[in-house]
Amino acid sequence: MKFFLDTADVGEIREGMAMGMVDGVTTNPSLVAKTGKPYAKVIEEICSIVSGPVSAETNSEDAEGMMAEARELAAISPQVNVKIPMTMEGLKAVAAASKANIRTNVTLIFQPLQGLMAAKAGASYVSPFVGRLDDIAHDGMDMVADLKQILRNYNYATEVIVASIRGPLHIQQAALVGVDIATIPFKVLANLAKHPLTNSGIEQFLADHKKIPKG
Ligand code: G3P
């Protein structure tokens, strides 16, 4: 399973890389706004420190504008895949980007058939948002499992990036479903490594180690 970091914070990315946990990065306008820097500059910086795919999101609402942005973003680095929202205009932009060999990540997917349409349009990735569905008492991971099954049934190469992750259980469920990628907020990644019994076990070993005679 590939771990992408869902962040535009290069400090978090460096921390995750140090643990060997960063196969790629996804950004969105909300994450980039937190940096206070221009979007292109943030993407350039991220591409300079990671070797995997980096998602950068368009802002236009029409296919022509999305495609113009896609060309600009793709020109930053071969690592860049262009994040395009799941709309009819977005599908037109994905189809045009596919013809232009620009890799795309269709985002804000909340039901499986949106993912099927994105795959049919030629998307490299689809990003179903599990957390935002759970937030309104829908089972986000059920939707992901259906989407993954549909793409498997028809042998689509499009990869599923489980997004909008709220905690470790989302990652465990995604891994059991067999999705390709989880894009993880850094605070969730940090929690994945932790367990109270690990901490108490370390304390006990440290205390007992002190009892071992030197020499
Ligand atoms: O970046 C896409 C997605 O991961 C956003 O998640 O937490 O804003 O629902 P969230």
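Up top is the structure these notes are about.
Let us look at the structure shown here. (Residues numbered from 1 in each chain as written. Predicted model: local features only at pLDDT ≥ 70, side-chain atom pairs only at ≥ 80, totals over all residues. Heavy atoms only, no water.)

### A short note on the sheet that holds strand β6 (residues 125-128)
Right, on to step 1. In spatial order, the strands read β1-β2-β3-β4-β5-β6-β7-β8; together these eight strands close into a barrel with parallel pairing. Shown here is a sheet whose adjacent strand axes are inclined to one another by a mean of 30°, direction ignored.
Right, on to step 2. Across four bridges, strand β3 (residues 54-57) lies against strand β4 (residues 80-85) in parallel orientation. Looking across to β4, one finds that Ala56 is bridged to Val82.
Right, on to step 3. Sheet strands in contact with helix α4 (residues 63-76) are β3 and β4, and its direction is about 155° off that of β4. (Pairing = 2+ DSSP bridges. Helix = DSSP H or I, 4+ residues; strand = E, 2+ residues; numbered from the N terminus. Axes fitted to C-alpha atoms, helices over the stretch in contact; angles between N-to-C directions. Contact = heavy atoms within 4.5 Å.)

### Quick word on a negative patch on the surface
Right, on to step 1. A contiguous patch of negative charge on the surface is contributed by Asp134, Asp139, Asp142 and Asp146.
Right, on to step 2. Structurally, Asp139 can be placed in the loop between α7 (130-134) and α8 (140-153).
Right, on to step 3. What makes Asp139 partly exposed here is its relative accessible area of 44%. (Patch = residues over 30% accessible without salt bridge, like charges linked within 9 Å, V, L, I, M, F, W, Y side chains within 5 Å. Areas by Shrake-Rupley, 256 points an atom, 1.4 Å probe, with all protein chains shown as cover. Salt bridge = Lys/Arg side-chain N within 4 Å of Asp/Glu carboxyl O. Lys, Arg positive; Asp, Glu negative; His and termini not counted. Charge placed at Lys NZ, Arg CZ, Asp CG, Glu CD. Buried < 20%, exposed > 50% of the residue type's maximum accessible area, 1.4 Å probe, protein only.)

### Side note on the pairing of strand β5 (residues 104-109)
Right, on to step 1. Among the six residues in β5, five count as buried, and that is most of the element.
Right, on to step 2. Judged from the four bridges that link them, β4 and β5 form a sheet pairing that is parallel. Each residue of the ladder has a partner; that of Pro85, found in β5, is Thr107.
Right, on to step 3. Bridge count between β5 and β6: three bridges; the pairing is parallel. Looking across to β6, one finds that Ile109 is bridged to Pro128.
Right, on to step 4. Between the parallel pair β5 and β6, the chain is carried across by helix α6 (residues 112-121), and the sense of this crossover is right-handed. (Right-handed = clockwise from strand over helix to strand, strands pointing away.)

### Some words on the site of the ligand
Right, on to step 1. Contacts to the ligand come from Asp6, Asn28, Lys83, Phe129, Arg132, Ala163, Ser164 and Arg166.
Right, on to step 2. Take Asp6: an N or O atom from its side chain is 2.5 Å from an oxygen atom of the ligand.
Right, on to step 3. A distance of 2.8 Å is found between an oxygen atom of the ligand and a side-chain nitrogen or oxygen belonging to Asn28.
Right, on to step 4. Taken by itself the ligand offers 310 Å² of open surface, and the protein chains cover 82% of this.
Right, on to step 5. Here the residues of the shell around the ligand are counted per class, giving two nonpolar, two polar and four charged. (Near = heavy atom within 4 Å. Polar contact = N/O pair within 3.5 Å; in protein donor to acceptor, adjacent residues only side chain to side chain. Nonpolar A, V, L, I, M, F, W, Y, C, P; charged D, E, K, R; others polar.)

### Re α6
Side chains of residues three or four places apart in an α-helix project in the same direction, reflecting 3.6 residues per turn.
Right, on to step 1. Taken together, the buried positions of α6 are Pro112, Gln114, Gly115, Ala118, Ala119 and Ala121.
Right, on to step 2. On its buried face, α6 is in contact with α5 (88-99), β5, β6 and α8.
Right, on to step 3. Measuring from the side-chain oxygen of the N-cap residue of α6 to the backbone nitrogen of Leu113 gives 2.7 Å; that N-cap residue is Gln111.
Right, on to step 4. Residue Gly122 follows α6 closely and has a positive phi angle near 110°.

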